[in-house]
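# Results of the structural survey
Each chain, written out:
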Amino acid sequence: MRLVFLGPPGAGKGTQARLLSERYGIPAIATGDMLREARAAGTPLGREAGRAMDAGALVPDEVVIGLVAERLERADCEKGFILDGFPRTVPQAQALGKLLTLRGEVLDRVLAFDLSEPELLRRLTGRRVCRKCGTNFHLVSSPPKRAGACDRCGGELTQREDDHEATVSRRLAVYRAETQPLLDYYQRQGLLSTIPGEGSVEIIFSAIVRTVEKRA
Ligand code: AMP
């Protein structure tokens, strides 16, 4: 099963990608996580990416395409994958198409998460992430049992640098300008399904499972 999760920042793609990955035993590949890891490792690529990320801008296409191309070579992608946060631009989508053609593969479905902008703002500014295992919490809608600590591993919860309000508006504007055109791009290929992104994690997850199993 080869899937792309498309949607604005804060739509819940990461949470759902992780759940789906557990259910089907295929990797969830999040370019945002890969870039944050590169930054934490202090590589030159990571440092350059970090500047764009903190500003709420996109990292250059060729950098992200290179990361994904390398990642898809790993053995765990043989049965499929979920791409979370990639592609984000038309050139990235074209590059992904070429990569898959070379591998003799096709995408099965592109799931577009649909949410209103006020809801996205609420989610992003209240989001807290575990430093250790990456689990997401929300100060209001899914607070941790103990303030500041992860329910799963006890790790420290932090706010992502790019979840501060000023950067969030920039990220949403970038989404509208660069990523939204991909809705049409995949619609024309007959691959797009829209998932209502508001509601509980469980309800959204069931909608996703229904959609991908219907098409499988
Ligand atoms: P995310 O965790 O998906 O919200 O990504 C965080 C940040 O990483 C984004 O705001 C971008 O700066 C960068 N990023 C992640 N994925 C991509 C991509 N496919 N293309 C360009 N930049 C990306």
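Below is a summary of the structure that appears in this document.

## Topic: the site of the ligand
The local shell around the ligand holds 16 residues, among which Thr31, Arg36, Ala57, Gly85 and Gln92 are the closest. In the environment of the ligand, an oxygen atom lies 3.0 Å from a nitrogen or oxygen atom belonging to the side chain of arginine 36. A distance of 3.2 Å separates an oxygen atom of the ligand from a polar atom in the side chain of arginine 160. Out of a free accessible area of 480 Å², the ligand has 94% covered by protein chains.

## Quick notes on the nonpolar core
In this structure, Leu96, Leu107 and Tyr186 are the most contacted members of the largest nonpolar core, which totals 32 residues. Elements supplying a minimum of two residues to this core: strand 1 (2-6), helix 2 (31-41), helix 3 (44-54), helix 4 (61-72), strand 3 (81-84), helix 5 (90-103), strand 4 (109-114) and helix 8 (181-188). At six residues, the largest contribution of residues to this core is made by helix 4. Within the second largest apolar cluster, 20 residues are counted, among which are Ala11, Ala17, Ile26 and Val209.

## Some thoughts on the pattern of salt bridges
Inspection of the entire model under this criterion finds 13 salt bridges. With its nearest N and O atoms 2.8 Å apart, the salt bridge here joins aspartate 33 to arginine 36. Of this pair, aspartate 33 and arginine 36 are both found in helix 2, three residues apart, which corresponds to roughly one turn of the helix. A relative accessible area of 24% places arginine 36 in the partly exposed class. With a closest N to O distance of 2.7 Å, glutamate 117 and arginine 176 form a salt bridge. Here arginine 176 lies in helix 7 (residues 165-179) and glutamate 117 lies in helix 6 (residues 117-126), a separation of 59 residues in the sequence.

## Some words on the packing of helix 7 against helix 8
Viewed as axis vectors pointing N to C, helix 7 and helix 8 meet at an angle of 35°, and their least axial separation amounts to 5 Å. Across the interface between the two elements, Arg176, Ala177, Glu178 and Thr179 of helix 7 pack against Pro181, Leu182 and Leu183 of helix 8. Class assignment of the residues belonging to the contact of helix 7 with helix 8 gives a composition of four nonpolar, one polar and two charged.

## Side note on helix 5
For helix 5, which comprises 14 residues, the first-to-last C-alpha distance of 20 Å matches the rise-based estimate of 20 Å (1.5 Å per residue) to within 8%. Regarding helix 5, the residues found buried are Gln92, Ala93, Ala95, Leu96, Leu99 and Leu100. Mapping the buried residues of helix 5 onto a view down its axis gives an arc of 160°, with all of them on the same face. Opposite the packed face of helix 5, turned more than 90 degrees from it, sit the exposed residues Lys98, Thr101 and Leu102. Tucked inside the fold, the buried residues of helix 5 contact strand 1, helix 4, strand 3 and helix 8. In the stretch just after helix 5, glycine 104 is the one whose phi turns positive, near 70°.

Rules behind the numbers
- Residues numbered from 1 in each chain as written.
- Predicted model: local features only at pLDDT ≥ 70, side-chain atom pairs only at ≥ 80, totals over all residues.
- Heavy atoms only, no water.
- Near = heavy atom within 4 Å.
- Polar contact = N/O pair within 3.5 Å; in protein donor to acceptor, adjacent residues only side chain to side chain.
- Areas by Shrake-Rupley, 256 points an atom, 1.4 Å probe, with all protein chains shown as cover.
- Core = buried A, V, L, I, M, F, W, Y, C linked by side-chain atoms within 4.5 Å.
- Buried < 20%, exposed > 50% of the residue type's maximum accessible area, 1.4 Å probe, protein only.
- Helix = DSSP H or I, 4+ residues; strand = E, 2+ residues; numbered from the N terminus.
- Salt bridge = Lys/Arg side-chain N within 4 Å of Asp/Glu carboxyl O.
- Axes fitted to C-alpha atoms, helices over the stretch in contact; angles between N-to-C directions.
- Contact = heavy atoms within 4.5 Å.
- Nonpolar A, V, L, I, M, F, W, Y, C, P; charged D, E, K, R; others polar.
- Expected span 1.5 Å × (residues − 1).
- Arc of directions from axis to C-beta.

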